[in-house]
Amino acid sequence: MSTIGPESVELAQDELKSLVAAELERTRRRSIALTDAVDDDDLVGQHSPLMSPLVWDLAHVGSQEELWLVRDVGGRPALRPDIDDLYDAFQHSRCDRPELPLLGPRESREYIATVRDKAQDVLHHVSLEGRRLVDQAFAFGMIVQHEQQHDETMLATHQLRRGDPVLHAPDPPPVAPAPRSREEVLVPAGTFTMGTSTEPWALDNERPAHPVHVADFFIDAHPVTNADFFRFIDSGGYQQPRWWTEEGWRHREHARLSAPLFWRRDGDTWLRRRFGRIEPVPPEEPVLHVSFHEAQAYANWAGKRLPTEAEWEKAARFDPTTGRSMRYPWGDDEPDSERANLGQRHLRPAAAGAYAAGQSPSGARQLIGDVWEWTASDFAPYPGFEAFPYPEYSQVFFGTAQKVLRGGSFGTDPAACRATFRNWDFPVRRQIFAGFRCARTPSREELD
C-alpha cells in the first residue's frame, strides 16, 4: 500500500494516476469485504439507531464518488440523480434511513461498480493539475478517505451486530519485554507547527499550518489500559459525582453507565463482546468504547486531565532535534505493520507499549493506530481556515458540541490517518473505537 505524500507533487502524471487507481481499488476491496461478510438481511437491517444500515453506507460511498469524480471532476452526465437526496447524509438522520426507499444489496453493488468504471475513466483522461480540486489528485484522495471512513463506520456497525462472528483477523504481535519502562513523558515548552499546508490529501480542517506555543506538560507514554480502568471502576468511579462534570454526570445517570460499552461482569471477571465473540477483557490492552465523559472522569480520578489537541499533536509529531513537525510520530515514511496498528489488519488494539518502531521523539507510543484518543478540545477551525471543497465536511460541525479525537484506531486506514488528521464526535459517543491517554501540568519542582 502506498498513499500520497507531499512528494507526490514531483510525480509524473502517469505515476500519480497509477497510485490513485491502486488506492481506489484497495479501498473498494475493503468495502466489498465488509458487506459481503453478511447476508442480505444483515445488509438492509439496522443494528443500532446510531448507525445506518450497511447497505446505505455501501451506496452512499458510490453516490459521493459519482458527485465529485464523475460529475464534478469529469463533467459527465449524472448516473442516478434520483437518489441524490437518499444518500445525502444531511437530509436524513441515521435512525430514519431504514425507512427510505434505498437501493437493495444487488442494486447497490451494481451502482457502485458502474460509478467506479466511470471514475476510473475520468482518472485516465483528466489532468491532475491546473484546478485546486484536482491538483495532486486531491478530489480522488478525498473520495478514498471518505470511503475508508465509511469502512470504519461499517466496521463499528459489525461490532454492534448480534450474531456469530463473520470477520476474522490475526491478533496483534506481542509486546517486546519491558515495554512500559516509562508511564509518562515530559514534552518541554515551546512553539511548534500545528496542522499542515503541504500534505496533498489533507482535509480542510487540518489546514493551514500555523505556530502554536505549548507550555510544559506530561503525557502518558501509552493509552490508558483496561487494567487501569478496572481500578477506576473498582474504586467506585462510576458512582462518585466528584470525578465527573455536571454534564458528564447527567449523562452517566441518564444512560446508566457503569463500564465501557460491550463489557459485562461475570463474577470476578469482566467479559466483553468483540465482533461476535465473548471473551475476558484483556488487562494489557488500551481501554476501548468509552465516551469523552468517561475518559474525563477517569483523568480526574487519576489526578490528571485529558490533553488538549495541541498537546497531543506536539507529542505526536514535533522533533526537538530538528525543530520540525513530522507527518507521523516516527518521521515522514508511510505507516507499516512495524509502526502502527491500522487498516483493520487486526480486530483489536495491541497491548500498551507495542510498536516501538512507531515511538515519537517525545517517547510516547501508539499515538497512531490502536484507539482513537479523546482530547479536551472542542472542534474548532484553525486560524486562516477555508472551507474546501464544501462547508458540510467540517465547517458545519465547528463549535462546542463536538470533541476532537486524534490518532486513528485499528480500524482506521492509513490513507485516512496522519498526525494532523482530526476526527470529532459528540462526547457521549461510545460505539466508535475510542480510548484515551492522560496528561498533566508539571509542578515547578519537577521542572527544576
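Residues numbered from 1 in each chain as written. Predicted model: local features only at pLDDT ≥ 70, side-chain atom pairs only at ≥ 80, totals over all residues. Heavy atoms only, no water.

For the record, the criterion: UniProt positions are given in the numbering used here, feature names are shortened, and annotations may be inferred rather than shown by experiment.
An unreviewed UniProt entry annotates the chain as Hercynine oxygenase of Actinopolyspora erythraea. Recorded in UniProt for the chain, the comment headed Pathway (unreviewed entry) runs: "Amino-acid biosynthesis; ergothioneine biosynthesis." Checking UniProt for the chain, the heading Sequence similarities (unreviewed entry) contains the comment "Belongs to the EgtB family."

1. Section: unusual backbone geometry
Let me state the cut-off plainly: Strands are runs of DSSP state E lasting at least 2 residues, helices are runs of H or I lasting at least 4, and numbering of each runs from the N terminus.
Cis geometry marks the peptide bond from arginine 207 to proline 208, where omega comes out at -10 degrees. Take proline 208: it is sitting in the loop between β2 (190–194) and β3 (210–214). That bond from phenylalanine 388 to proline 389 is cis: its omega, -5 degrees, falls within 30 degrees of zero. By the secondary structure assignment, proline 389 is in the loop between β10 (372–379) and β11 (399–406). Of note in this structure, phenylalanine 262 is not a glycine but carries a positive phi near 80 degrees.

2. Digging into the UniProt feature "domain: DinB-like" (unreviewed entry) in the chain
Listed under "domain: DinB-like" (unreviewed entry) in the UniProt record, and renumbered for this structure, are residues 23–154. Taken end to end, residues 23–154 is 58% helix and 0% strand, and its first and last C-alpha atoms sit 19 Å apart.

3. Observations concerning the side chain of arginine 97
Inclusion rule: Each residue is assigned to one of three classes by its accessible area relative to the maximum for its type, calculated with a 1.4 Å probe on protein chains only: buried under 20%, partly exposed between the two thresholds, exposed over 50%. When charges are tallied, Lys and Arg are placed among the positive residues and Asp and Glu among the negative ones, while His and the ends of the chain are skipped. Salt bridges are defined as contacts in which a side-chain nitrogen from Lys or Arg sits within 4 Å of a carboxyl oxygen from Asp or Glu. Polar contacts, as used here, are pairs of N or O atoms within 3.5 Å; protein pairs need one atom able to donate a hydrogen and one able to accept it. Residues neighboring in sequence count only if both atoms are side-chain atoms. Whether two residues touch is decided by their heavy atoms; if any such pair falls within 4.5 Å, the residues are in contact.
Within the secondary structure, arginine 97 sits in the loop between α3 (54–73) and α4 (105–125). Within the buried set, arginine 97 has no salt-bridge partner at all; the shortest N-O distance to an opposite charge, 5.8 Å, is to aspartate 57. A distance of 3.1 Å separates a polar atom in the side chain of arginine 97 from the backbone oxygen of alanine 89. Residues within four places of arginine 97 in sequence aside, it is in contact with Ser52, Pro53, Trp56, Ala89, His92 and Leu102.

4. Thoughts on the sheet that holds strand β1 (residues 184–187)
The strands that make up a sheet pair up through hydrogen bonds in the backbone, lying either parallel or antiparallel. The criterion, for reference: Strand pairing follows a simple DSSP-based rule, namely that at least 2 bridges must link the two strands. Note on method: axes are straight lines fitted to C-alpha atoms, helices fitted across the in-contact stretch only, with angles between N-to-C directions ranging 0 to 180 degrees.
Pairing is antiparallel in the open sheet, where three strands are placed in the order β1-β4-β14. The sheet terminates laterally at β1 and β14 (439–440), the two strands that pair on one side only. By the bridge criterion, four bridges tie β1 to strand β4 (residues 217–220) in an arrangement that is antiparallel. In the sheet register, leucine 186 faces β4, and the bridge partner there is phenylalanine 218. Sheet strands touched by helix α9 (residues 309–317): β1, β4 and β14. Its angle to β4, the strand with the most contacts, is close to 75 degrees.

5. What to know about the pairing of strand β6 (residues 269–274)
The element β6 is largely enclosed, with a buried count of five among its six residues. Counted along the chain from strand β5 (residues 263–266) to the antiparallel partner β6, the turn is two residues long, and its residue glycine 267 has a positive phi close to 65 degrees. Judged from the four bridges that link them, β6 and strand β7 (residues 277–280) form a sheet pairing that is antiparallel. Residue arginine 272 lies in a different strand from β7, and its bridge partner there is glutamate 279. Here β6 folds back onto β7, and the loop between the two strands holds two residues, one of which, phenylalanine 275, carries a positive phi near 50 degrees.

6. Comments concerning the domain arrangement of the chain
Applied cut-off: How far each domain reaches was decided by an automatic or database domain assignment. Using a 1.4 Å probe, buried area is obtained as the accessible area two parts lose upon being combined, added over both of them.
Each assigned domain of the chain is listed with its residue range as follows: domain 1 (13–160) and domain 2 (169–447). The C-alpha-based centres of domain 1 and domain 2 are spaced at 28 Å. Between domain 1 and domain 2, the contact holds 27 residues from the first and 32 residues from the second. Roughly 2700 Å² is buried in total at the junction of domain 1 and domain 2, and carbon and sulfur atoms are behind 61% of that figure. Counting every contact that joins domain 1 to domain 2 gives two salt bridges.

7. Some words on the sheet that holds strand β13 (residues 434–435)
With respect to topology, four strands assemble into an open sheet ordered β12-β11-β10-β13, the strand pairing being mixed. The open sheet has two edge strands with one neighbour each: β12 (423–425) and β13.

8. Considering the nonpolar core
One recurring pattern in soluble globular proteins is that nonpolar side chains are buried together. The criterion, for reference: As used in this record, nonpolar core signifies buried Ala, Val, Leu, Ile, Met, Phe, Trp, Tyr and Cys residues forming a set joined through side-chain atoms within 4.5 Å.
Core analysis: the largest hydrophobic core is formed by 92 residues, its most contacted members being Val73, Phe140, Phe229, Trp374 and Phe436. Residue assignment for this core shows that the elements contributing at least two residues are α1 (13–36), α3, α4, α5 (138–160), α6 (226–234), α8 (292–301), β10 and β11. Here this core spans two domains, and each of domain 1 (13–160) and domain 2 (169–447) adds at least three residues to it. With 24 residues, the next largest nonpolar core counts Val187, Trp312, Tyr328 and Ile368 among its residues.

9. Looking at the packing of aromatic side chains
What counts here: Under the pairing criterion, centres of Phe, Tyr and Trp rings, with the six-membered ring standing for Trp, must be within 6.5 Å; the plane angle then separates stacked pairs below 30 degrees from edge-to-face pairs above 60, leaving the rest tilted. For a ring to carry a charge above it, either NZ of a lysine or CZ of an arginine must fall within 6 Å of the ring centroid while also lying within 35 degrees of the normal to the ring plane.
Applying the stated criterion to the full structure yields 30 aromatic pairs. Note on phenylalanine 90 and phenylalanine 397: the rings are 6.0 Å apart at their centroids and 40 degrees apart in plane angle, and the pair reads as tilted. Of the two residues, phenylalanine 90 is situated in the loop between α3 and α4 and phenylalanine 397 in the loop between β10 and β11; the sequence distance between them amounts to 307 residues. Residue classification places phenylalanine 397 among the partly exposed positions, given a relative accessible area of 26%. Taking 5.9 Å as the distance between ring centres and 70 degrees as the angle between the ring planes, the aromatic pair formed by phenylalanine 292 and tryptophan 374 counts as edge-to-face. In this pair, phenylalanine 292 sits in helix α8 while tryptophan 374 sits in strand β10, placing the two residues 82 residues apart along the sequence. Taken individually, phenylalanine 292 and tryptophan 374 each receive the classification buried, so the pair is uniform in this respect. Among the aromatic residues, those joined into a cluster by ring pairs are Phe229, Phe230, Phe232, Tyr238, Trp244, Trp249, Trp263, Trp270, Tyr298, Trp301 and Phe436. Taking NZ or CZ as reference, arginine 97 lies 3.8 Å from the ring centre of tryptophan 56, over its face. The residue whose ring lies beneath arginine 422 is tyrosine 382, and the NZ or CZ to ring-centre distance is 4.2 Å.

10. A closer look at α1
We apply this condition: The span expected for a helix works out to 1.5 Å for each residue beyond the first.
Over its 24 residues, α1 runs 34 Å from end to end, which matches the ideal 34 Å to within 8%, given 1.5 Å per residue. Every buried residue belonging to α1 is among Leu16, Lys17, Val20, Glu23, Leu24, Arg26, Thr27, Arg28, Arg30, Ser31, Leu34 and Thr35, and all of these are buried. Against α2 (40–44), α3, α4 and α5 lie the buried residues of α1.

11. A closer look at the pairing of β5
Relative to β6, β5 runs antiparallel, the two being bridged by four bridges. In the sheet register, arginine 264 faces β6, and the bridge partner there is leucine 271.

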